[in-house]
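Coordinates in review
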Amino acid sequence: MKDQNIDDFSDPASWLAVASGQAELRITSEPTSRGRALRLDFDFKGGGGFVVARKEFSMAMPEAYAFSFRVHGAAPRNKLEFKMADPSGTNVWRWQQDAFDFRRGSRELFLKSSQIEFAWGPAGGGTLRKLGAVEFVISAGPGGKGTVWLEDFRFVNRTIRKVPIVTASGSAKGRDPQSVLGKNAKSGWRNAPRDPKPWLQLDFRQAREYGGLIVDWAPLPAKRAFAVRASDDGKKWRTLHRSRGVEGPRSFVGLPHGESRFIRIAFDGGAAIRHLAVQPFDFSRSPVDFFHAVAGQSPVGWHPRWLMREQSYWTCAGVPDGKTCALINEEGLVEPDRGTFSLEPFLHAKGRLITWADAKRSVRLEEDGLPIPSATWKLPGLTLETTAFATGHGAAAVLFVRYRVGNAGKRALRARLFVALRPYQVNPPWQGWQGLGGVSRINEITWGHGAARVNGDKWVVPLAKPTAFGAAAFQQGLITDHLATGRLPAQGGVRDDSGFASAAMRFDLKIAAGATREVFVAVPFGVKRVLDAKQLRRLARTDG
């Protein structure tokens, strides 16, 4: 780790004093036994607000780092903040501690990059790549006035560049475990024959922060079960993650706040890994950050557009006297109730999966300005229009989503419409409010009485019987991995302790040239709304 003094505080004029309202801040420099200290004299004048000591820096940021400084003072227990801004000044990351005890005596704060979180800005999140300025902030709690001293301001590059040493319990002939770190798709590791409990281990040579793993699997075995364990000495191990029934070509394994010298992947049964990549701490800093990372490693269109950090316009759909409403965005993603999961359409035609990213997109309202919104995909010879509307009154209202697939070609078309149930909201996290925006937990999905039931209290009712229905826990692979093959997971229900389960209904359509086919899905508004089998059948018979 490389450690450097970032500022010796000998030039207080290089620091800009900023104060809100009637507050005042004076910045000077004083000699100390360690060198010099930056002295901050503040006075909130009996009110609130904040005072800021700000200095511009220009520095490319490594993968893992830390800032350290010593702090003490004669001051009330106000909030202490350390902030970083990018060169634009509009994106800000921060560490903060309420009621900071300045009088406790001089102490060092060692702030790792994993502790410094995105605060605000148009970037919507992510990692700081280039530093533009740092700020020391005192925000009024009790307010008052006082003095704070800062000294020994240092920057530490904590990124480990050494290549990990990869070992295994045993290996098949010609399958060197070290090859999993390479990029040769034909190489990789496979366990030795007759090894019932194989494992693969990484030794980072020293303690390392990490946020997860991306594992690219060999085709066989088609299903895997494994645990990820960590150790600081190679002897005592702690379990960080377990997965069973893992399918698909790739696994995204979140290991939030991970730090150790060793990581071991222990398998129940056979195993074969083509490539293994250790991910930095920000990979799983939060569920939203995790899915941003997953989307960044997936084909564009396999996830909602906001996961690409792109804004998507949305609007509401409901009834005038309703207790809640749905949201629909310009890609046709529908959130059927306040802060719930979403319904996302996909098409599979001519041997490939078709998503919002493949189409020319447009939006419209019904004629005469009726507040019934539609989002349309237009492709050569093919269209998909998603329309959201509601009927009923008050707490008895029901949302309907119509999927209209059109064949603009000169020949009959066979296509599959998938309506996926996914743990995402329509509202992006940078428009979050009162817990809304970002991801939404799906712990359980079941199928019964011709409808899908989410988390035990929300029904999704197709008005025509789907050709098939399938559900998967996140650890079993992305639902889009299945849809890309034109098929669904084999199981009709699933429980996912991570809260990221997904599912899809499949409708096989044969559409004559110049014709359209419509599929309707109904979702009763309101959570914990009790519907028995008779009511579900009545709803399914509704004429869309």
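My aim in this report is to walk through the structure given alongside it, one point at a time. (Residues numbered from 1 in each chain as written. Predicted model: local features only at pLDDT ≥ 70, side-chain atom pairs only at ≥ 80, totals over all residues. Heavy atoms only, no water.)

**A few points about the pairing of strand β15 (residues 199–217)**
By the criterion of burial, β15 is predominantly enclosed, with 15 of the 19 residues buried. Both strand β13 (residues 165–168) and β15 contribute to a ladder of four bridges, which runs antiparallel. Bridge pairing in β15 places Val-166 opposite Leu-202. Pairing between β15 and strand β18 (residues 250–267): 13 bridges, direction antiparallel. If you follow Glu-209 over to β18, its bridge partner there is Glu-259. In this structure, β15 lies alongside strand β19 (residues 272–279), joined through six bridges in antiparallel fashion. Looking across to β19, one finds that Asp-216 is bridged to His-275. (Buried < 20%, exposed > 50% of the residue type's maximum accessible area, 1.4 Å probe, protein only. Helix = DSSP H or I, 4+ residues; strand = E, 2+ residues; numbered from the N terminus. Pairing = 2+ DSSP bridges.)

**Quick notes on the nonpolar core**
Leu-343, Tyr-403, Leu-417, Leu-421, Ile-445, Val-460 and Met-505 are the most contacted members of the largest nonpolar core, which has 47 residues in total. Excluding its chain neighbours within four sequence positions, the residues that come into contact with Val-460 are Phe-341, Leu-343, Leu-421, Ala-451, Ala-452, Met-505, Val-521, Ala-522 and Val-523. By size, the runner-up hydrophobic cluster in this structure holds 39 residues, among which are Phe-44, Phe-82, Leu-128 and Phe-153. (Core = buried A, V, L, I, M, F, W, Y, C linked by side-chain atoms within 4.5 Å. Contact = heavy atoms within 4.5 Å.)

**Points about unusual backbone geometry**
The omega angle of the peptide bond from Leu-220 to Pro-221 is 0 degrees, so this bond is cis rather than trans. Here Pro-221 lies in the loop between β15 and β16 (224–231). Phi at Arg-194 is positive, roughly 60 degrees, even though this residue is not glycine. On the basis of relative accessible area, Arg-194 is assigned to the exposed category, the value being 81%.

**Here we look at helix α1 (residues 287–296)**
Helical geometry: 3.6 residues make up each α-helical turn, so side chains three or four residues apart lie on a common side. With respect to burial, α1 is a largely interior element, eight of its 10 residues being buried. Every buried residue belonging to α1 is among Val-288, Asp-289, Phe-290, Phe-291, His-292, Ala-293, Val-294 and Ala-295, and all of these are buried. Tucked inside the fold, the buried residues of α1 contact β18.

**Some remarks on helix α3 (residues 533–540)**
Taken as a whole, α3 has its buried residues at Ala-533, Leu-536 and Leu-539. Take α3 and look down its axis: the buried residues cluster within an arc of 125 degrees, on one side only. At its buried positions, α3 is contacted by β28 (398–407), β31 (451–454), β32 (458–462) and β36 (516–524). (Arc of directions from axis to C-beta.)

**Here's the deal with the sheet that holds strand β25 (residues 360–365)**
Read across the open sheet, the nine strands follow the order β25-β26-β27-β28-β36-β32-β31-β30-β34; overall the sheet is antiparallel. Either end of the sheet is taken by a strand with one partner, and the two such strands are β25 and β34 (494–495). For strand β27 (residues 382–391) and β28, the ladder comprises 10 bridges, and the chain directions are antiparallel. When the bridges of β28 are listed, Thr-387 appears paired with Arg-402. On top of the sheet, α3 reaches β28, β31, β32 and β36; it is set at about 45 degrees to β32, its chief contact. (Axes fitted to C-alpha atoms, helices over the stretch in contact; angles between N-to-C directions.)

**What about the environment of Thr-32?**
In this structure, Thr-32 sits in strand β3 (residues 24–32). For Thr-32, a relative accessible area of 29% puts it in the partly exposed group. For the pair formed by Thr-32 and Glu-151, sequence separation is 119 residues and the distance between their alpha carbons is 8.5 Å. For Thr-32, the contacting residues outside a window of four places in its chain are Ala-37 and Glu-151. At 3.1 Å, the side chain of Thr-32 and the backbone nitrogen of Arg-34 are in polar contact. Only 3.0 Å separates the side chain of Thr-32 from the side chain of Glu-151, close enough to count as a polar contact. (Polar contact = N/O pair within 3.5 Å; in protein donor to acceptor, adjacent residues only side chain to side chain.)

**Considering the packing of aromatic side chains**
A full pass over the atoms with the stated rule returns 34 aromatic pairs. When the centroid spacing of 5.9 Å and the interplanar angle of 25 degrees are considered together, the rings of Tyr-65 and Phe-155 count as stacked. Here Phe-155 lies in strand β12 (residues 145–157) and Tyr-65 lies in strand β6 (residues 65–74), a separation of 90 residues in the sequence. Taken individually, Tyr-65 and Phe-155 each receive the classification buried, so the pair is uniform in this respect. With a centroid separation of 5.0 Å and an interplanar angle of 85 degrees, the aromatic rings of Phe-69 and Phe-136 are classed as edge-to-face. On the criterion of sequence distance, the pair formed by Phe-69 in strand β6 and Phe-136 in strand β11 (residues 130–139) is long-range, its members being 67 residues apart. When its relative accessible area of 1% is taken as the criterion, Phe-69 is described as buried. Feature note: the residues Phe-9, Trp-15, Phe-57, Tyr-65, Phe-67, Phe-69, Phe-82, Phe-136, Phe-153 and Phe-155 constitute an aromatic cluster, connected by ring pairs. (Phe/Tyr/Trp six-rings, centres within 6.5 Å; stacked < 30°, edge-to-face > 60°.)

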